[in-house]
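One-letter residues, chain by chain:
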Amino acid sequence: MKTELWPIALSLSLILVSSAGLEAQAQRQLGANISGHAVYNPDAFGGVFGWGGTLVLSFPNGLRIMGIGDYYRPDCPGRDDCTSWAASANLVTGGRRGRLRPRVGVGALYKRRSLAEPQPDGSDENSGWGGNLFVDLELMTPLPIPLKPYGQLRYEVGGAFGNEVVFAAGIRL
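Not measured: the values here are computed from a predicted model. (Residues numbered from 1 in each chain as written. Predicted model: local features only at pLDDT ≥ 70, side-chain atom pairs only at ≥ 80, totals over all residues. Heavy atoms only, no water.)

Enquirer: Requested: an account of the pairing of strand S2 (residues 48-58), with residues and values cited.
Expert: Along any regular strand, the residues point their side chains to alternate faces of the sheet. Here S2 shows a clear split, with Val48, Gly50, Gly52, Thr54, Val56 and Ser58 buried on one side and none of Phe49, Trp51, Gly53, Leu55 and Leu57 buried on the other. Inspection of the sheet shows strand S1 (residues 31-41) paired to S2 by 11 bridges, in the antiparallel sense. Counterpart to Gly36 in the pairing with S2 is Gly53. Connecting S1 to the antiparallel partner S2 that follows it, the hairpin turn spans 6 residues, and Phe45 within it adopts a positive phi of roughly 55°. Pairing of S2 with strand S3 (residues 64-72) involves 9 bridges; the strand directions are antiparallel. Bridge assignment links Ser58 to a residue of S3, and that residue is Arg64. Counting the residues in the hairpin turn of S2 and S3 gives 5 residues, including Gly62, whose phi is positive at 95°. (Buried < 20%, exposed > 50% of the residue type's maximum accessible area, 1.4 Å probe, protein only. Helix = DSSP H or I, 4+ residues; strand = E, 2+ residues; numbered from the N terminus. Pairing = 2+ DSSP bridges.)

As structure tokens, then:
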């Protein structure tokens, strides 16, 4: 399977541009936050909704690592236990502009999916590694509680499932 390089080049360009244009966020301590989200993948199972979460670790040197997990439970004709899940580890950069906190990231992705029909070897699951490119936009609210709505647009590249687009929206703590 041939992997296209333009998505990787585009994501690296976005990281450089966003880093240069945003004010520096000097953090002096290790930080972490978690979130939950609803997710939609229009390319899997003819379009499927699911749920998931993220964990963001922020280090004193400005490096951020974001783990993302998604779980889907689609309708598969003739199967009662059809599932799909994905997990990724990503390097993230971004800053803050007013009440918006845009981030871009790139990372490694692992997916596992039940198949509606068995493969020629008799297995009914497929899994594989790929890449993950994404944009994350968080809204900083003026509320006294630290709930921040966010949205993500992800492009999952390569692996056993080809290229897929994923949309997610949720609340970050």
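After presenting the structure, the write-up continues.
Enquirer: Residues and numbers for the pairing of S1, please.
Expert: Of the pairings in the sheet, the one linking S1 to strand S8 (residues 164-172) comprises 6 bridges and is antiparallel in character. The residue bridging Gly36 from the neighbouring strand is Ile171, located in S8.

Enquirer: Residues and numbers for the packing of aromatic side chains, please.
Expert: Under the criterion given, the structure shown has 4 aromatic pairs. With centroids separated by 4.5 Å and ring planes inclined at 40°, the aromatic side chains of Tyr40 and Phe49 adopt a geometry described as tilted. Both rings, one in Trp85 and one in Tyr110, keep their centres 5.7 Å apart while their planes meet at 45°; by these two values the pair is tilted. Within this pair, whereas Trp85 is found in strand S4 (residues 84-94), its partner Tyr110 is found in strand S5 (residues 100-114), the two being separated by 25 residues in sequence. Assessed through its relative accessible area of 33%, Trp85 is described here as partly exposed. Ring-pair connections join several aromatic residues into one group, and the members of that group are Trp85, Tyr110 and Trp129. Above the ring of Tyr150, the side-chain terminus of Arg172 is found at 3.9 Å from the ring centroid. (Phe/Tyr/Trp six-rings, centres within 6.5 Å; stacked < 30°, edge-to-face > 60°. Lys NZ or Arg CZ within 6 Å of the ring centre and 35° of its normal.)

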